[in-house]
Amino acid sequence: MMRHARLAGVVGIAIAASVVSGCSQLPFHDDSYETEIPAALEAADLGITDAFAGITLSGFSETLVVGGLMGDSVVSTDDVSSQFVQKVIAVALEGRSVHTAYFKLALGFGEYEFISTDRALAELGADPRSDGSISMQEAEQIARDDSE
């Protein structure tokens with residue numbers, strides 16, 4: 001009887017370990033976006049340097065985070081225009097299909113100064129969440145509106 005209890009305990013621990021490790025990993029993506037989006041942003045001559053793209057996971061929701069540093073010649077306050085935000089989203093998503101639930105812009109200037117995009121996103125018809133992200137459908141619509 002004791003032997004069956006040990007065996008059940010070992011099997012239970014093994015199952016729990018595989019469930020925990022499986023839940024902690026991001027689903028598979030074609031990770032070409034990690035180099036293509038930053039290259040496109042820097043090539044678009046928008047004044048963005050040190051561009052990056054990555055996917056974050058919060059619970060079961062994935063967010064494509066795109067960003068970089070802005071030069072003083074592009075922005076000198078903590079706010080940007082809706083036209084600029086629209087162009088950045090359009091360049092980031094052009095010809096790419098990244099399947100995430102949300103999209104977030106993370107733009108900054110200076111060492112620890114970040115730029116709020118909430119007002120600009122709202123002007124473009126999106127509804128920013130508390131973390132500043134918008135749904136991927138909203139981001140794709142903003143990108144389509146830029147090309148019209």
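The model shown is predicted, which means the values in this text are computed figures rather than measured ones.

Some remarks on the nonpolar core
In step 1: Grouped together as the largest cluster of nonpolar side chains are 36 residues, with contacts concentrated most on Leu41, Ile48, Leu64, Val66, Ile89 and Phe103.
In step 2: Mapped onto this core, the elements with two or more residues apiece are helix H2 (33–43), strand E1 (48–58), strand E2 (61–70), helix H3 (82–93), strand E3 (102–109), helix H4 (118–123) and helix H5 (136–147).
In step 3: Excluding residues within four positions of it along the chain, Phe103 makes contact with Thr63, Leu64, Val66, Ile89, Ala92, Leu93, Ser133, Ile134, Ser135, Met136 and Ala139.

Quick word on the packing of H2 against H3
In step 1: Where H2 meets H3, the closest approach of the two axes is 8 Å, and the angle between their N-to-C directions is 135°. By the angle between their axes, H2 is oblique relative to H3. Read as a crossing pair, H2 and H3 show a hand that is right-handed. Along the contact surface, H2 presents Ile37, Ala40 and Leu41, while H3 presents Val88, Val91 and Ala92.
In step 2: Broken down by class, the residue content of the contact of H2 with H3 amounts to six nonpolar, no polar and no charged.

A closer look at the confidence of the model for the protein
Caution is warranted with low-pLDDT regions, since their predicted coordinates should not be read in detail.
In step 1: Here the protein averages 81 in pLDDT, and 74% of its residues register 70 or above.
In step 2: Within the protein, the element-level pLDDT minimum falls on helix H1 (residues 2–23), averaging 50, and the maximum on strand E5 (residues 134–135), averaging 96.
In step 3: The model gives residues 21–25 a pLDDT under 50, and that stretch makes one contact with residues more than four places away or in other chains.

Focus on the pairing of E3
In step 1: The element E3 is largely enclosed, with a buried count of six among its eight residues.
In step 2: Pairing between E2 and E3: seven bridges, direction parallel. Within E3, the position partnered with Val65 by the bridge is Lys104.
In step 3: Alignment of E3 against E5, held across two bridges, turns out to be antiparallel.

Considering the pattern of salt bridges
In step 1: Overall, the coordinates contain three salt bridges when judged by the stated rule.
In step 2: Notably, a salt bridge pairs Asp131 with Arg129, separated by 3.5 Å at the nearest N-O pair.
In step 3: Look at Asp131 and you get partly exposed, because its relative accessible area is 33%.

The rules behind these values
Residues numbered from 1 in each chain as written. Predicted model: local features only at pLDDT ≥ 70, side-chain atom pairs only at ≥ 80, totals over all residues. Heavy atoms only, no water. Core = buried A, V, L, I, M, F, W, Y, C linked by side-chain atoms within 4.5 Å. Buried < 20%, exposed > 50% of the residue type's maximum accessible area, 1.4 Å probe, protein only. Helix = DSSP H or I, 4+ residues; strand = E, 2+ residues; numbered from the N terminus. Contact = heavy atoms within 4.5 Å. Axes fitted to C-alpha atoms, helices over the stretch in contact; angles between N-to-C directions. Parallel < 35°, antiparallel > 145°, perpendicular 65-115°, else oblique. Left-handed = near helix turned anticlockwise from the far one by under 90°. Nonpolar A, V, L, I, M, F, W, Y, C, P; charged D, E, K, R; others polar. pLDDT = per-residue confidence, 0-100. Pairing = 2+ DSSP bridges. Salt bridge = Lys/Arg side-chain N within 4 Å of Asp/Glu carboxyl O.

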